[in-house]
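Single-letter residue listing:
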Amino acid sequence: MHLSINKKKIYFYLFTFVFINTLFNINQISKFSNIFKLEYININGLNVDEENSLRNDLELFKNQNIFLIKNNHIYSILENLSQIESFKIKKIFPSKIDIDIKKTTYVGKTMKNGKVYLIGNNKKFIEQKKINIRPNVPFVFGNFSIKEFLILQNNLKDNNFNLDEFKSYYYYKNGRWDLNKKDNITIKLPFTDDKQSLKQYKILEDEGKIYKNSIIDLRVPKKIIISYE
C-alpha cells in the first residue's frame, strides 16, 4: 500500500513538472514571436506614389515572424514592378526589413496596341501612362524585341556614338535597322554585321565627310552610298 501511494505522488509530481514546463515553453515561444514580429519596412529608391503602392503589396508580411519571411516571397512582388532594374533586401533584427531599389533607365519608347510604352534597360516594356513620366528618349518603330534594340545601342556605344544624337529608330521585318539622327542624317544598316558598318560610318564622320540632310546607305557589302534630300 505504501508503494502505491509513492507511485501516485511520483506521477503527480511528474505531471505537475511537465505541465509547468509546457506553460513556460509556451510563454517563452510567445515572447520570442512577439519580439521578432516585422514592424517596419523601409523602402529606398521610389517616389512617394510608387512607395505607397509597394507598401500596400507588402502589408501581408507585417506582424509575421521575421525569421519565417522568405526573401523569395518578397522577390515575387518586386519582380512584378516593371520599372525596377535591381533590388536588395536586408533583414535588420529584430523587426525591420530594408529594401533598396534601383529603377531602370529608359532608352526609348514605342507604340503597342495603341498605347505608348517606354523601353527599359531592364528589358521590359513599361506602359508610360501607368508610371506617369515623359522621358526625352527616341521613338522606336517596328515589331522588335528589346534584346535586339539593346544590342544595337551597345554596338553604337562601342563605336563611340552619342545616343542622345538619335531621334528615332526603324526596325524592319528582315531584321535590319534605319537610324535617324537629330541633324537629319539617316543611316541605313545592313541585315548582318551592323557593328562593322557603324565603324565605317564613324570613320567618315570623324573625317568630316558626313553632312546634314544626307542618307548613308550601308546595306551593300563593302560600299557606302551617300545621297542628299
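Residues numbered from 1 in each chain as written. Predicted model: local features only at pLDDT ≥ 70, side-chain atom pairs only at ≥ 80, totals over all residues. Heavy atoms only, no water.

A. Molecular detail of unusual backbone geometry. Look at the link from Phe93 to Pro94: it is a cis peptide, with omega at 15°. By secondary structure assignment, the location of Pro94 is in the loop between strand E2 (84-92) and strand E3 (96-103). Even without glycine at this site, Asn113 takes up a positive phi of about 55°. Among the structural elements, Asn113 can be located in the loop between strand E4 (106-112) and strand E5 (115-120). Under the relative-accessibility criterion, Asn113 is labelled exposed at 81%. Even without being a glycine, Asn213 presents a positive backbone phi close to 60°. Position of Asn213 among the secondary structure elements: in the loop between helix H6 (194-206) and strand E11 (214-217). (Helix = DSSP H or I, 4+ residues; strand = E, 2+ residues; numbered from the N terminus. Buried < 20%, exposed > 50% of the residue type's maximum accessible area, 1.4 Å probe, protein only.)

B. Structural context of the packing of aromatic side chains. For the structure on display, the rule yields 15 aromatic pairs. The interplanar angle of 45° and the centroid separation of 5.8 Å between the aromatic rings of Phe149 and Trp177 together place this pair among those described as tilted. Residue Phe149 is located in helix H5 (residues 146-158), and its partner Trp177 is located in strand E9 (residues 177-181); the two are separated by 28 residues in the primary sequence. Residue Phe149 is classed as buried on the basis of its relative accessible area, which comes to 0%. (Phe/Tyr/Trp six-rings, centres within 6.5 Å; stacked < 30°, edge-to-face > 60°.)

C. Focus on the side chain of Asn159. With respect to the helices, strands and loops of the structure, Asn159 is situated in the loop between H5 and strand E8 (166-171). Classification of Asn159 as buried rests on a relative accessible area of 11%. If we skip the residues at most four places from it in the chain, Asn159 touches Lys195, Leu198, Lys199 and Lys202. (Contact = heavy atoms within 4.5 Å.)

D. Examining the nonpolar core more closely. Grouped together as the largest cluster of nonpolar side chains are 25 residues, with contacts concentrated most on Leu156, Tyr169, Trp177, Leu179 and Ile187. Elements supplying a minimum of two residues to this core: H5, E8, E9 and H6. Top contributing element to this core by residue count: H5, with 5 residues. Here Trp177 is in contact with Val140, Phe144, Glu148, Phe149, Leu152, Tyr169, Tyr170, Tyr171, Ile187, Lys188 and Leu189, once residues within four sequence places are set aside. Within the second largest apolar cluster, 19 residues are counted, among which are Phe36, Leu38, Leu46 and Ile101. (Core = buried A, V, L, I, M, F, W, Y, C linked by side-chain atoms within 4.5 Å.)

E. Region of interest: the pattern of salt bridges. As enumerated under the stated definition, the model contains 12 salt bridges in all. Of the charged contacts, one joins Glu207 and Lys209 as a salt bridge, the two residues approaching to 3.2 Å between their closest N and O atoms. You can call Glu207 partly exposed: its relative accessible area is 47%. Connected through shared salt-bridge partners, Glu165, Lys181, Lys202 and Glu205 make up one network. (Salt bridge = Lys/Arg side-chain N within 4 Å of Asp/Glu carboxyl O.)

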